[in-house]
Amino acid sequence: MVIPNIAVDAVRHLGAVAPDWPGHPWWHWVVFTLINIVFILVMIIGVIYIERRAIAWFAARTGPNRTGPFGLLQAIADAIKILLKEFITPMNADKIVFWIAPAVVFAPVIMIFAVVPFMNGAMLADLNIGILFVVAISSISTVGVFMAGWSSSNKYSMIGAMRLVASVISYEIPVVLALAGVVLIAGSLSLNDIVLAQQTVPFILVQPLGFFLLFVGGCAEINRSPFDLMEADSELVAGFHTEYSGMKFAMYYLGEYGEAVVMATIISTLFLGGWQWPFLPGWLWLILKIFLVFFTMVWTRATLPRVRIDQLMAVAWKFLFPLALINLLVTALQVLAGWPEDLLWLMGIVNYVLLGVLILLWSRMYKVGWGRIEV
Amino acid sequence: MQLRTEPYVLNMGPVHPSTHGVFRMRVTLDGEAVLNLEPVFGYLHRGVEKLAEERAYSGVIPLTDRLDYVASMTNNLAYVLAVEKLAEIKVPERAEYLRVIMSELQRISAHLVSIGSFTNDSGCYFTPFLYMYREREKIVDLFDMVCGQRLLYNYMRIGGVSQDIPDEFLPALRKVVKHLPGRINEYDRLLSENEIFLARTKGVGILPKETAINIGASGPVLRSTGIEWDIRKKDPYSIYDRFDFDIPTGEAGDCYDRYYVRLQEMRQSIRIVEQALKQIPSGPVKADVPQLIRPPVGEAYGHVEGPTGEVGFHVVSDGGIAPYRCHIRAPSLMNLTGLYDMSVGWKVQDLIVIFGSFAITMGEIDR
């Protein structure tokens, strides 16, 4: 009975300390690849449910509540419906690119979960360059979106894709700089080590500015409101996926929410202590934290209007970028000065004061341009 | 430094989420900036003016419903005012009060729709829109009570209104009037100070005063430029001279002012309804007018201050049972004439916001 043994070993392995990479038993890769795929799909269903119910709740309506208990099966019903839809390729489309693009968007989302720890050491690969891997892989889906926009031969798609490329290139910088602050304090790029470093204090208390930057920049990078310019439904019809239908469209839908799950996972791993926190099993904490972060994103989406493209750029370069540099500098100085481990809370207070002062200062200095050109 | 690229033409509409119907804009774009704009309309043309010539005077009223279908009551009123002027019909007191109450409720409900869809155009994902519709629903319920319809009311008649209000109407109206100001304040707090909303609307799509007068703009679009022009005050029709209310005006004539004028106008409308509720007398609601009237030869112009602006009907009689000519002054069309001047040079996103700030209805533009 090979398979039950594998299952038992796998379950046992979940709580084990991550061995160095490579060198796992072969079934480690199989089990965790499966876990990652199932996890991401289940989480996507979860966040779609949260999104739809929470948005409905904010907008004083009911939301889906007919399919299954509390409408929980709505996402599955939608999936079945969308699978039966015809897939239409526009006549002038660049067909090969048009067909590949959805996969290019969705694949990186699953890949990122390779380095996310669900419990202590329970991860596909404990890369010692974990965060770098996350940043690098998450940028790939931009290529997919641009492929979609370019190959559709539709002007709305093209504008949407161009907007996405511009925003992702700009927002990558403050996001990476915000991540660097965490790396400095934890002293490691591995996500597992970063979670372990938050044993006593989650980094949101130590690095409030970093959290703020990552949250705002992350919202822009995964194109959630108020930065959802690439699919801006009131202007660009559906943005880069205007021409997609059927399962290809569903891939974008999944990819979009997958990216939201990834961003929520990164935020909760780096700033909210990942799987740590008592009483409940680690993976459950991680899921709860992901949902919490995602709920905050839904909240902003339900409340705020959309910014304009020049304002989007201005926020990245005039607001987030200087703050990210200051945050990195201050954190580096604090680490360099050898801040004692048991006085981490004091560092948190200092950083919170800094956050308040900086944001007040910048909101005074910073003015949104009107963006009109002379014709 | 400005980077110029090869301009291209983008067809926005006739089927587009933000064109409020079947409006089409042929936009020449340089990257995201609008270089040229050519509005194309007529997709919803039904020939209402010609149809009116084929119908008896009372039969034209349902047609007016279908012009600005967001504000049917005021359209009805403008038409019946014109015919009453033509045939010199005296309207009973109670009917006048009912007309005022209905038009003001209609103004509130239309402004709720305009503000809601405007926020939707600026990218609030349906939240304010559905809040506005929640309030509009209560007003629509009131209309349902008096005329049995929820969108196309067909309530006004030549010489009064079609029927008296039911007993439960006035208590329900009092409840709505009591409830609304708090809600409007809530939306004011949600939107008027919102940083992103301000960044998107303040200073965007400025309509200069002179242009506004030259294109014949009216309603909130004109008042947002700072001109105090309201038919209810300047040429009081019905019994508007009996009520005490202000004309809210803007300063800059930008999208924000157009939004804010509408928001304040809802408060003024509530004031009028409150006063009318106190004064409303009992009595008949319709003068003794036959179904088929033959007004004397002549012409008359009836106009009211509708939610989008001055709604006017110019009715010409040749002594027959049907109007010889019925010209409609559609405020949306007049206001929309300023679109080119306001939106050239702005980004595509601004174009949508500017267009949304007019709160047009295609049924009225294409007629």
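Conventions we followed
- Note that residues are indexed from 1 along each chain, following the sequence as it is written.
- All chains are assigned letters beginning at A, and all ligands numbers beginning at 1, according to the order in which they are written.
- It should be noted that, the model being predicted, local features are given only for residues of pLDDT at least 70 and side-chain atom pairs only at 80 or more, the latter also being counted only at that level, while totals for whole chains, interfaces and linings use all residues.
- Strands here are runs of E lasting at least two residues and helices are runs of H or I lasting at least four, both read from the DSSP assignment and numbered beginning at the N terminus.
- Note that the radius of gyration is over C-alpha atoms, with the globule rule given as 2.2 Å times the number of residues to the power 0.38.
- To sort residues by burial, count the other C-beta atoms lying within 10 Å of each one's C-beta; a count of 20 or more means buried, 12 or fewer means exposed, and anything in between means partly exposed. C-beta atoms are built from the backbone.
- Contacts here follow a simple rule: the backbone-placed C-beta atoms of the two residues must lie within 7 Å.
- Here a strand pair is declared whenever DSSP counts at least two bridges between the two strands.
- Geometry is summarised by axes, namely lines fitted to C-alpha atoms with helices restricted to the contacting stretch, and by angles between N-to-C directions that run from 0 to 180 degrees.
- One less than the number of residues in a helix, times 1.5 Å, gives the span that helix is expected to have.
- Ten residues, namely Ala, Val, Leu, Ile, Met, Phe, Trp, Tyr, Cys and Pro, are considered nonpolar, four, namely Asp, Glu, Lys and Arg, are considered charged, and the remaining ones, Gly among them, are considered polar.
- Confidence of the predictor at the level of single residues is given by pLDDT, which spans 0 to 100.
- The reported bend at a residue is simply the angle between two axes, fitted to the 7 residues ending at it and to the 7 residues beginning with it.
- A set of buried residues qualifies as a nonpolar core if it consists of Ala, Val, Leu, Ile, Met, Phe, Trp, Tyr and Cys joined through C-beta atoms within 7 Å.

## Re the overall build of chain B
- The secondary structure content of chain B amounts to 15 helices and 8 strands.
- Its C-alpha atoms give chain B a radius of gyration of 21 Å, near enough to 21 Å, the size a compact globule of 367 residues would have.
- Considering only C-alpha atoms, chain B reaches an extent of 70 × 45 × 35 Å along its principal axes.
- With 367 residues in all, chain B has 52% of them scored as buried.
- Taking the intrachain contacts of chain B between residues at least 6 apart in sequence as the baseline, contacts between residues at least 24 apart amount to 71%.

## Some remarks on the sheet that holds strand 3 (residues 33–40) of chain B
Residue and element names in this part refer to chain B.
- If you walk across this open sheet you meet the 3 strands as 1-2-3, and the pairing is antiparallel. Of all strands in the sheet, those bounded by a partner on one side alone are strand 1 (8–12) and strand 3. When strand polarity is set aside, the average angle formed by the axes of neighbouring strands in this sheet is 25°.
- Strand direction decides the pairing type here: strand 1 and strand 2 (residues 24–30), joined by 5 bridges, are antiparallel. Directly across from Met12, in strand 2, lies its bridge partner Met25.

## Concerning helix 12 (residues 282–303) of chain A
- Taking 1.5 Å as the rise per residue, helix 12 of chain A with 22 residues should run 32 Å; its terminal C-alpha atoms sit 32 Å apart, in good agreement.
- Taken as a whole, helix 12 of chain A has its buried residues at A:Gly282, A:Trp285, A:Leu286, A:Ile287, A:Lys289, A:Ile290, A:Val293, A:Phe294, A:Met297, A:Val298, A:Arg301 and A:Ala302.

## Brief notes about the pairing of strand 7 (residues 310–317) of chain B
Residues and elements named next belong to chain B.
- Taken across its 8 residues, strand 7 has 6 buried, putting it largely inside the fold.
- In terms of strand pairing, strand 6 (residues 298–305) meets strand 7 through 8 bridges, oriented antiparallel. The partner of Tyr301 across the bridge, within strand 7, is His314.
- Two elements, strand 7 and strand 8 (residues 325–329), share 5 bridges in a ladder whose sense is antiparallel. Note that in strand 8 the partner of His314 across the bridge is His327.

## Concerning the interface of chain B and chain A
- Of the residues lining the interface, 35 residues belong to chain B; the matching set on chain A comes to 31 residues.
- When grouped by side-chain class, the residues that make up the side of chain B that touches chain A number 17 nonpolar, 12 polar and 6 charged.

## A short note on the confidence of the model for chain B
Residues and elements named next belong to chain B.
- For chain B, mean pLDDT is 87; residues scoring 70 or higher make up 99% of the total.
- For chain B, helix 7 (residues 195–201) is the element with the lowest average pLDDT, namely 84, and strand 7 is the one with the highest, namely 90.
- Interface predicted TM-score (ipTM) for the complex: 0.81; the corresponding pTM is 0.84.

## Regarding helix 7 (residues 155–186) of chain A
Residues and elements named next belong to chain A.
- A rise of 1.5 Å per residue sets the reference length of helix 7, with its 32 residues, at 46 Å; its end C-alpha atoms lie 46 Å apart and thus fit the reference within 8%.
- Of all the bends in helix 7, the greatest, near 30°, is centred on Glu172, and the proline Pro174 appears no more than four residues after it.
- Positive phi shows up at Gly187, right after helix 7, with a value of about 75°.

## Let's talk about the sheet that holds strand 7 of chain B
All names here are of chain B.
- As summarised here, the arrangement of the 3 strands in space is 6-7-8, forming an open sheet in which the pairing is antiparallel. Taken across any chain shown, the strands that pair with only one partner, and hence form the sheet edges, are strand 6 and strand 8. Between one strand axis and the next, the sheet turns by 10° as a mean value, whatever way the strands run.
- The strands touched by helix 3 (residues 72–87) are strand 6 and strand 7; relative to strand 6, the strand with the most contacts, the crossing angle is about 150°.

## Some words on the nonpolar core
- Grouped together as the largest cluster of nonpolar side chains are 116 residues, with contacts concentrated most on A:Leu213, A:Ala260, A:Val261 and A:Ile267.
- In terms of residue count, the dominant contributor to this core is helix 7 of chain A (15 residues).
- In this structure, A:Ala260 is in contact with A:Val47, A:Ile222, A:Arg224, A:Phe294 and A:Met297, ignoring residues within four places of it in sequence.
- Grouped together as the second largest cluster of nonpolar side chains are 96 residues, B:Met25, B:Ala33, B:Ala217 and B:Leu222 included.

## Quick look at the environment of B:Asp241
- The residue B:Asp241 is located in the loop between helix 10 (231–234) and helix 11 (255–279) in this model.
- Put simply, B:Asp241 and B:Arg258 are 17 residues apart on the chain and 25 Å apart in space, counted from C-alpha to C-alpha.

## Structural notes on the confidence of the model for chain A
- Across chain A, pLDDT averages 81, with 90% of residues at or above 70.
- Low pLDDT, under 50, characterises residues 15–22 of chain A; the predicted model gives this stretch 14 contacts beyond four residues in sequence or across chains.

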